[in-house]
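Breakdown of the fold
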2 protein chains.
Amino acid sequence: MSLKKKPVTGMKDILPAEMQVREYVMNQIRETYGGFGFNSIETPCVEHIENLTSKQGGDNEKLIFKIMKRGEKLNLETAQMENDLVDSGLRYDLTVPLSRYYSNNAAVLPSPFKSLQMGSVWRADRPQRGRFRQFVQCDIDILGDPTRLAEIELILATTTLLGKVGFKGYTVRINDRNILKGMAAHCGFSEESYDQVFIILDKMDKIGMDGVAGELKEAGYPEENIKKYLALFETVTRDAAGVRSLKEVLNDAMDPEQAENLAAIIDSVSEITTSQFKIEFDPTLVRGMSYYTGTIFEILVDGFPGSVGGGGRYDKMIGKFTGIDTPACGFSIGFERIITILMEEGFTVPGSEERIAFLIEKGVSDGVMNEAVKEAMSERAKGKTVLVSQMNKNKKFQKESLQKEGYSQFKEFYKEALKETN
Amino acid sequence: MSLKKKPVTGMKDILPAEMQVREYVMNQIRETYGGFGFNSIETPCVEHIENLTSKQGGDNEKLIFKIMKRGEKLNLETAQMENDLVDSGLRYDLTVPLSRYYSNNAAVLPSPFKSLQMGSVWRADRPQRGRFRQFVQCDIDILGDPTRLAEIELILATTTLLGKVGFKGYTVRINDRNILKGMAAHCGFSEESYDQVFIILDKMDKIGMDGVAGELKEAGYPEENIKKYLALFETVTRDAAGVRSLKEVLNDAMDPEQAENLAAIIDSVSEITTSQFKIEFDPTLVRGMSYYTGTIFEILVDGFPGSVGGGGRYDKMIGKFTGIDTPACGFSIGFERIITILMEEGFTVPGSEERIAFLIEKGVSDGVMNEAVKEAMSERAKGKTVLVSQMNKNKKFQKESLQKEGYSQFKEFYKEALKETN
């Protein structure tokens, strides 16, 4: 027995109970975003190694599953380094493939293009509880729309989805990379220091204002700058009015129109939506990826740590493929996070508990079996789920197991006669 | 611009129109098989290289996309051969992963287990028209049922699916590996020659009886054997009666119960089904994979070359993982083949032609935009698809493109007032 029963390290077999929830959520996603005019697309799981290592993916580029060249192209003897042996890899996100897809197909796609992409991505992360090396991402993006209509539609669609899946309390946090930079500039931080300052700022949730102050000081920034910087965070309110107050303060350091744009997004979303969620301006929101150029946002669900989705505007990435910049704004839904939350809460897929099982004793005649299957076929034609199964020796245990899978009605077929039970 | 716009060789970007058809068919598959009590499962796309190269996959094992080891485990200097550098690969089918999955999870799965697995597989085949290196397979399998109820349910479920997707005329061809062997044995062919004889027999569709006779002769088999063999094929009828006549003839060469089993499957399916399809005994049906141990079958659609699905019983594969044989029978649906046929026939997904588009002139006030989006949200809440989009300069062209995507109703929002058009 040379064969291995366990999945490869860090990846998992998905059992039927979880699959039911996953398929239900995927259908909700397709239906909801479909209703907003998003088009489903698919890109290959395998991507050119050049595209995967083009610095669009940040730290994810260190986690690529690389695919070996094949046939004559593979030359072990002359290979000097790893990359001489590979020509492709598994995608680590859906954003790089989407950008390639749009570049390749823009001529035949609607403009603006509203894209929905669900698919697996792979990262050779250190395996840890609840974190897998293959997982599903779900990205929605609007390409070719430079206006805030894109942000507004993305936020409305995604909050509509969360409502449909059953979430009650959640908050959209929103910021703009230009405000982030404007605040830093206004307080005397140089452009070269932004990356470090923002990494520290990003910890605000965990270490608080004092913690951020401490780390900035430790990193050698002038006390005066730090004081001014943190005072800004302390005074600004977490709403459109807060953004507009910053617009005045930062008029030396950023384009006021960019701040007004963010305030208007918050106003529009608040006015339009009828769902139960908050939208908050969060000046401490950083979002790690370097490709964001404007608005950034994420969604948090009450009572659960971490976000269930996030994204922002990335107007410069498609230009890396085509040479021509294309406005782009997108959301990545934390699909696996949502599934984990639903599974922990014991979520039951609607309609999954009205199943019928026909159990057939071993050795019945073909006549009895045919009658059983005929009856099952006629119930199935009415849309019911009917399992026709051999009756096991331990019938009690078999029925208990089936009950756990949602079978609530049983019919038994015997050699002599047939009995009906519930 | 170092980034590549085209997908990797042999793989493809899937455009929205095809995605609509794919998602529709996938939903029909989930719904139909779900109604028969099949459980959706998922296995990782990446599989242990040992499992992929265990001789279960036939020629597909030559087409594996291999994944390089990572970190310290990768040692270029000491590597003597390709396989020193790899630890895994992309699955080339769903049968090997299913067998591993069942071996790994049998304790928590229902018994018998009815499995539905849809997912991409990868084969580094020579690229050619209509054939891709990443494609979706759809497998349904019943594990743990040694009786013909498995075959009957598989055939009924799959023909039900084909009917739902809109196919009219199709034929299930069925045979048994034991009849195949029995016929060869009865006519004097030795066990060692079976593989070659069956490869030639498999060409009957293309080269006819004379062609098969010629190739067998060329391969050096005695004329007497060939004559006896082909006479059998000529006389046997393509139905349950034909199987039963062979049962008598081959009583020196095979277990009569195995022939009776096949005849009973044909009888039961014919009696139970109300769908419009033929089920035919086809003694020339071979099915290439060496793992089949009993019944084999495939489905052909009138007017289209090649099969849209096939499968059979493989009672010995799971034992390779667990040491204990488990009865198993399955169907692999030709998902890509079905999509190709539907696309060629200009299939339209039901309901996809009642979409509404709101076009918003550039520069409208936030008030006008908010009203438009509010109205869209209220239509969406009723289940309608409403696209809210910037109005392009070439509005006529934009509307024509949208009409092609199924948008049949338009509403336009302008700076001053709003106009409604159709």
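As the structure is a computational prediction, the values presented were derived from the model and not from experiment.

**Regarding helix 10 (residues 256-272) of chain A**
All names here are of chain A. With 17 residues, helix 10 extends 24 Å between its outermost C-alpha atoms, agreeing within 8% with the 24 Å of an ideal straight helix rising 1.5 Å per residue. Taken as a whole, helix 10 has its buried residues at Ala259, Leu262, Ala263, Ala264, Ile265, Ile266, Ser268, Val269 and Ile272. The N-terminus of helix 10 is capped by Asp255, whose side-chain oxygen sits 2.9 Å from the backbone nitrogen of Glu257.

**As for the domain arrangement of chain A**
Under the domain assignment, chain A is made up of domain 1 (16-344) and domain 2 (355-421). The gap between the C-alpha centroids of domain 1 of chain A and domain 2 of chain A is 50 Å.

**Points about the relation of the copies chain A and chain B**
Placing chain A over chain B gives an RMSD of 0.0 Å and needs a rotation angle of 180 degrees, together with 0.0 Å of translation along the axis. Viewed as a symmetry operation, the transformation between the two copies matches a two-fold axis. Closest approach to the rotation axis within chain A is made by the C-alpha atom of A:Ile67, at a distance of 2.3 Å. A symmetric contact is evident, with 100% of the interface residues of chain A recurring at the interface of chain B.

**Brief notes about the sheet that holds strand 1 (residues 39-40) of chain B**
Residues and elements named next belong to chain B. Strands sit in the order 1-5-6-11-10-9-7-8 across an open sheet of eight strands; the sheet is mixed. Only two strands of the sheet have a single partner each, and these edge strands are strand 1 and strand 8 (277-281). Bridge count for strand 1 against strand 5 (residues 113-122) is two bridges, and the pairing is parallel. If you follow Ser40 over to strand 5, its bridge partner there is Leu116. Each of strand 7 (170-176), strand 8 and strand 9 (295-301) touches helix 5 (residues 177-186); the most contacted strand, strand 7, lies at about 60 degrees to it.

**Side note on the UniProt feature "binding site: L-histidine" (unreviewed entry) in chain A**
All names here are of chain A. Cross-referencing UniProt, the feature "binding site: L-histidine" (unreviewed entry) maps to Asp93, Leu94, Thr95, Arg123, Gln137, Asp141, Arg287, Tyr291 and Tyr292 in the present numbering. Secondary-structure assignment places Thr95 in helix 3 (residues 95-105). Not counting residues within four places of it along the chain, the set of residues in contact with Thr95 comprises Asp139, Tyr291, Tyr314 and Met317. Looking at the element boundaries, Asp141 is found in strand 6 (residues 134-143). Not counting the four nearest positions on each side in its chain, Asp141 is found in contact with Phe38, Leu98, Phe113, Lys114, Ser115, Leu154, Tyr314, Cys329, Gly330 and Phe331.

**Notes on the interface of chain A and chain B**
Of the residues lining the interface, 103 residues belong to chain A; the matching set on chain B comes to 103 residues. Summed over the three residues of chain A that lose the most area to chain B, namely A:Leu3, A:Lys5 and A:Glu42, the buried surface amounts to 8% of that side. Here chain A and chain B share twelve salt bridges between them. Notably, a salt bridge pairs B:Glu153 with A:Arg380, separated by 2.8 Å at the nearest N-O pair. Between chain A and chain B we count 46 residue pairs in polar contact (both at pLDDT 80 or more) in total. Partitioned by chemical class, the residues of the side of chain A that touches chain B number 46 nonpolar, 30 polar and 27 charged.

**Considerations on the nonpolar core**
Grouped together as the largest cluster of nonpolar side chains are 91 residues, with contacts concentrated most on A:Val25 and A:Tyr229. With ten residues, the top contributor of residues to this core is helix 4 (residues 149-165) of chain A. Look past the residues within four positions of A:Val25 in its chain and what remains in contact with it is A:Val165, A:Phe335, A:Ile338, A:Ile339 and A:Leu342. One finds B:Val25, B:Leu154, B:Val165 and B:Ile272 within the second-largest nonpolar core, a separate group that totals 90 residues.

**Some words on empty space enclosed by the protein**
Scanning the model with the defined rule gives two cavities of 30 Å³ or more in all. The volume enclosed by the largest cavity comes to roughly 730 Å³. Lining the largest cavity are 37 residues, and of these A:Met26, A:Met118, A:Gly119, B:Met26 and B:Met118 sit closest to its centre. If you list the elements that add at least two residues to the lining of the largest cavity, you get helix 1 (16-35), strand 5 (113-122) and strand 6 of chain A together with helix 1 (16-35), strand 5 and strand 6 (134-143) of chain B. Broken down by element, the lining of the largest cavity gets its largest block of residues, six residues, from strand 5 of chain A.

**Examining the confidence of the model for chain A**
All names here are of chain A. In the predicted model, chain A carries a mean pLDDT of 92, and 98% of its residues have values of at least 70. Mean pLDDT per element in chain A: strand 15 (residues 418-421) is the minimum at 52, and strand 5 is the maximum at 98. Across the whole predicted complex the pTM is 0.93, and at the interface the ipTM reaches 0.93.

**What about the pairing of strand 12 (residues 355-360) of chain A?**
All names here are of chain A. Of all six residues making up strand 12, six are buried, and the element is well covered by its neighbours. Residues of strand 12 alternate between two faces, with Arg355, Ala357 and Leu359 on one and Ile356, Phe358 and Ile360 on the opposite face, all of them buried. Where strand 12 lies against strand 13 (residues 386-390), five bridges are found, and the strand directions are parallel. Along strand 13, the bridge assignment pairs Leu359 with Ser389. Considered for its hand, the β-α-β crossover made up of strand 12, helix 13 (residues 366-381) and strand 13 is right-handed.

Cut-offs and rules
What you see as residue numbers is a count from 1 along each chain, following the sequence as written. Each chain takes a letter, starting from A, and each ligand takes a number, starting from 1, following the order in which they are written. In keeping with the model being predicted, local features are shown solely for residues with a pLDDT of at least 70 and side-chain atom pairs are shown and tallied solely at 80 or more, while totals for entire chains, interfaces and linings include all residues. In computing side-chain properties, one takes all heavy atoms of the structure into account and sets aside hydrogens as well as water. Under the DSSP-based scheme used, a helix requires at least four consecutive residues in state H or I and a strand at least two consecutive residues in state E, with every element numbered from the N terminus. By this rule the span expected of a helix is its residue count minus one, scaled by 1.5 Å. Per-residue accessibility, obtained with a 1.4 Å probe over protein chains only, is compared with the maximum for each type, and a residue is labelled buried under 20%, exposed over 50%, and partly exposed between these values. A 3.5 Å cut-off defines polar contacts: any pair of N or O atoms within that distance qualifies, except that in protein one atom must be a possible hydrogen donor and the other a possible acceptor, and neighbouring residues in sequence count only when both atoms are side-chain atoms. In this entry, domain limits derive from an automatic or database-based domain assignment. Here the copies are matched by least squares. The fit uses the C-alpha atoms of residues with pLDDT of at least 70 in both. The contact criterion used is simple: two residues touch if any of their non-hydrogen atoms lie within 4.5 Å. DSSP-based pairing: two strands are paired if at least 2 bridges between them are found. Between N-to-C directions, angles cover 0 to 180 degrees, with each direction set by a line fitted to C-alpha atoms, over the stretch in contact for helices. UniProt positions are given in the numbering used here, feature names are shortened, and annotations may be inferred rather than shown by experiment. Two parts placed together each lose some accessible area; with a 1.4 Å probe, that loss summed over both constitutes the buried area. What makes a salt bridge here is a side-chain nitrogen of Lys or Arg within 4 Å of a carboxyl oxygen of Asp or Glu, nothing more. Gly counts as polar in this scheme, as do all residues outside two lists: the nonpolar Ala, Val, Leu, Ile, Met, Phe, Trp, Tyr, Cys and Pro, and the charged Asp, Glu, Lys and Arg. The criterion is simple. A nonpolar core is a set of buried Ala, Val, Leu, Ile, Met, Phe, Trp, Tyr and Cys residues joined through side-chain atoms within 4.5 Å. Here the term cavity refers to a set of points on a 1 Å grid, laid over the protein atoms alone, in which a 1.4 Å probe fits but cannot get out; the term pocket refers to an open set having protein on both sides within 12 Å along at least five of seven lines, with lining residues being those that place an atom within 4 Å of a point. Grid points are joined across faces, edges and corners, and a volume is the space filled by probe spheres set on the points. pLDDT expresses, on a scale from 0 to 100, how confident the predictor is about each individual residue. Crossovers are described as right-handed under a simple rule: with the strands pointing away from the observer, the path leading from the first strand over the helix to the second runs clockwise.

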